[in-house]
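Structural characterization, general
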Amino acid sequence: MTKLSVNINKIATLRNARGGNVPDVVKVALDCESFGADGITVHPRPDERHIRRSDVYDLRPLLRTEFNIEGYPAPEFIDLVLKVKPHQVTLVPDDPSQITSNSGWDTKANLEFLTEVLDQFNSAGIRTSVFVAADPEMVEYAAKAGADRVELYTEPYAANYPKNPEAAIAPFIEAAKTARKLGIGLNAGHDLSMVNLNYFYKNIPWVDEVSIGHALISDALYLGLERTIQEYKNCLRS
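Residues numbered from 1 in each chain as written. Predicted model: local features only at pLDDT ≥ 70, side-chain atom pairs only at ≥ 80, totals over all residues. Heavy atoms only, no water.

Within the chain, the regular secondary structure consists of 11 helices and 8 strands. Its C-alpha radius of gyration of 17 Å places the chain within 12% of the 18 Å reference for a compact globule of 238 residues. Along the first, second and third principal axes, the C-alpha set of the chain runs to 45 × 40 × 30 Å. The burial tally for the chain puts 50% of its 238 residues in the buried class. Across the chain, the fraction of contacts at a sequence separation of at least 24, relative to all contacts at a separation of at least 6, is 67%. Of the roughly 10,600 Å² of accessible surface on the chain, 51% is carried by carbon and sulfur atoms. (Helix = DSSP H or I, 4+ residues; strand = E, 2+ residues; numbered from the N terminus. Rg over C-alpha atoms; globule rule 2.2 N^0.38 Å. Buried < 20%, exposed > 50% of the residue type's maximum accessible area, 1.4 Å probe, protein only. Contact = heavy atoms within 4.5 Å. Areas by Shrake-Rupley, 256 points an atom, 1.4 Å probe, with all protein chains shown as cover.)

This is how it looks when you write it as structure tokens:
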């Protein structure tokens, strides 16, 4: 079964825009779980413009499902993850000034760096995932670096899906087959939505987990959070 991890960064963005604690990030995360989410994803950035380090510490003892922390492996991030010990850490190649992730790792060029970082997390018993483009070579070098999983960066799929779904999914199928051949797990995320998620799932049904935030929270403005999570879960069924 493909798991749905809800990225709650946008909830924190809304809270931070006004100050105070409305909406309550921890309560929303727990509600997502009760509404059917299989996990919670956060991406604490250095400027804390959405998820704060304190949020990460507050969430860890209360979550009942899988906790995934994603981010660039700067020393402060590595320290946070090793202290919190989530179920999964996802490494992304973000510059601190980026609004959102917009590319995968060049795992070949960064093999030595990634190997060193992944070894720290693997030694701590934390499942590791590396954010990569739909490129078999990038998947292969993520595996060589010691990643337990790769997360396919799906923005190009989402952008091309309305014009030509078959062409949009093709490179992702090849990358996913490479991951399966190498025996590593497969995640996916970025711009997946109710429009394109089911087609992605039907073509790559062995994907372990999808991480979705922006589209899901946007849909919840109209449908409500509980119904939205159920609709996304329905997209992960044949």
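Right, let's talk about the packing of aromatic side chains for a bit. By the definition in use, this model includes 9 aromatic pairs. Arranged with centres 5.9 Å apart and planes meeting at 20°, the rings of Tyr72 and Trp105 form a pair that is stacked. Note that Tyr72 is positioned in the loop between strand S3 (66-71) and helix H4 (75-84) and Trp105 in the loop between strand S4 (88-91) and helix H5 (111-123), a separation of 33 residues in sequence. By relative accessible area, Tyr72 is classed as partly exposed at 37%. Members of the aromatic cluster, connected to one another through ring pairs, are Tyr157, Tyr161, Phe172, Tyr199 and Phe200. One residue, Lys144, lies across the ring of Tyr141, its end atom 4.2 Å from the ring centre. The ring of Trp206 carries Arg180 above its face, with NZ or CZ at 3.8 Å from the centroid. (Phe/Tyr/Trp six-rings, centres within 6.5 Å; stacked < 30°, edge-to-face > 60°. Lys NZ or Arg CZ within 6 Å of the ring centre and 35° of its normal.)

Turning our eyes to something else, we now look at the pattern of salt bridges. In the structure shown here, the tally under the stated rule is 10 salt bridges. Within the structure, one salt-bridge network assembled from shared partners comprises Arg53, Asp79 and Lys83. (Salt bridge = Lys/Arg side-chain N within 4 Å of Asp/Glu carboxyl O.)

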